[in-house]
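Okay, here's what each chain looks like letter by letter:
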Amino acid sequence: QVQLVESGGGSVQAGGSLRLSCAVSGITFSDASIGWYRQAPGKQREAVARIEVNADVIYTDSVKGRFTVARDNAKNTMDLQMNSLQPEDTAVYYCNVVNELGIPRDYWGKGTLVFVSS
């Protein structure tokens, strides 16, 4: 029943920006913590950021100051604004619901590809 649809990916040059969106259905969105994750070629999936029910956000160190997360409870969406993109940001980006232990649920969608060229 839970569905997560990521969109907004694309190809940009280093220093450019992209805005990703995560549309969530099948749960009470306003009661959910939602995270952004990414998986680069040949690497493990890693957490990028997490937004809590109260809108507090935790960012991984590598994206602090460059990425911004916001949620819109009226639209059941969460956005990831990515600025100053670098080639190391190249990955498939996913969103997912985070449980009470801080672990993403098993609801992975297809993700959206971000490619940053130098």
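Everything discussed here concerns the structure shown above.
The rules we used
Residues numbered from 1 in each chain as written. Predicted model: local features only at pLDDT ≥ 70, side-chain atom pairs only at ≥ 80, totals over all residues. Heavy atoms only, no water. Pairing = 2+ DSSP bridges. Helix = DSSP H or I, 4+ residues; strand = E, 2+ residues; numbered from the N terminus. Axes fitted to C-alpha atoms, helices over the stretch in contact; angles between N-to-C directions. Buried < 20%, exposed > 50% of the residue type's maximum accessible area, 1.4 Å probe, protein only. Polar contact = N/O pair within 3.5 Å; in protein donor to acceptor, adjacent residues only side chain to side chain. Contact = heavy atoms within 4.5 Å.

Brief notes about the sheet that holds strand 6 (residues 57-59)
Then, in step 1: Read from one edge to the other, the open sheet built from six strands follows the order 2-10-9-4-5-6, with strand pairing classed as mixed. Both outer strands of the open sheet, strand 2 (10-13) and strand 6, are each paired with one neighbouring strand and no more. Sheet twist, expressed as the mean angle between neighbouring strand axes with direction ignored, is 25 degrees.
Then, in step 2: In the sheet, strand 9 (residues 91-98) pairs with strand 10 (residues 112-117) via three bridges, with the strands oriented antiparallel. Paired with Val 92 across the two strands is Leu 113, which belongs to strand 10.

Quick word on unusual backbone geometry
Then, in step 1: One non-glycine residue, Ala 55, lies in positive phi territory at about 80 degrees.
Then, in step 2: Assignment of secondary structure puts Ala 55 in the loop between strand 5 (46-51) and strand 6.
Then, in step 3: On the basis of relative accessibility, which here comes to 43%, the residue Ala 55 falls in the partly exposed class.
Then, in step 4: In this model, Asn 76 sits at a positive phi of 55 degrees, which is unusual for a non-glycine residue.
Then, in step 5: Its place among the elements puts Asn 76 in the loop between strand 7 (67-72) and strand 8 (77-82).

A few points about the sheet that holds strand 1 (residues 3-7)
Within a beta sheet, neighbouring strands are joined by backbone hydrogen bonds and run either parallel or antiparallel to one another.
Then, in step 1: Across the sheet, four strands lie side by side as 1-3-8-7; this open sheet has antiparallel pairing. Across the chains shown, the open sheet's two edge strands, defined by having one partner strand only, are strand 1 and strand 7. The mean angle between the axes of side-by-side strands here comes to 15 degrees, regardless of whether they run parallel or antiparallel.
Then, in step 2: Bridging between strand 3 (residues 18-25) and strand 8 involves six bridges; their strand directions are antiparallel. Residue pairing in the sheet places Leu 20 in a bridge with Leu 80 of strand 8.

Some remarks on the side chain of Ser 33
Then, in step 1: Considering the arrangement of structural elements, one finds Ser 33 in strand 4 (residues 33-39).
Then, in step 2: Ser 33 sits in the buried class, given a relative accessible area of 9%.
Then, in step 3: Within the structure, the side chain of Ser 33 is placed 2.8 Å from the side chain of Glu 52, a separation counted as a polar contact.
Then, in step 4: For Ser 33, the residues in contact, after removing those within four places along its chain, are Arg 50, Ile 51, Glu 52, Val 53, Arg 71, Asn 96, Val 97 and Val 98.

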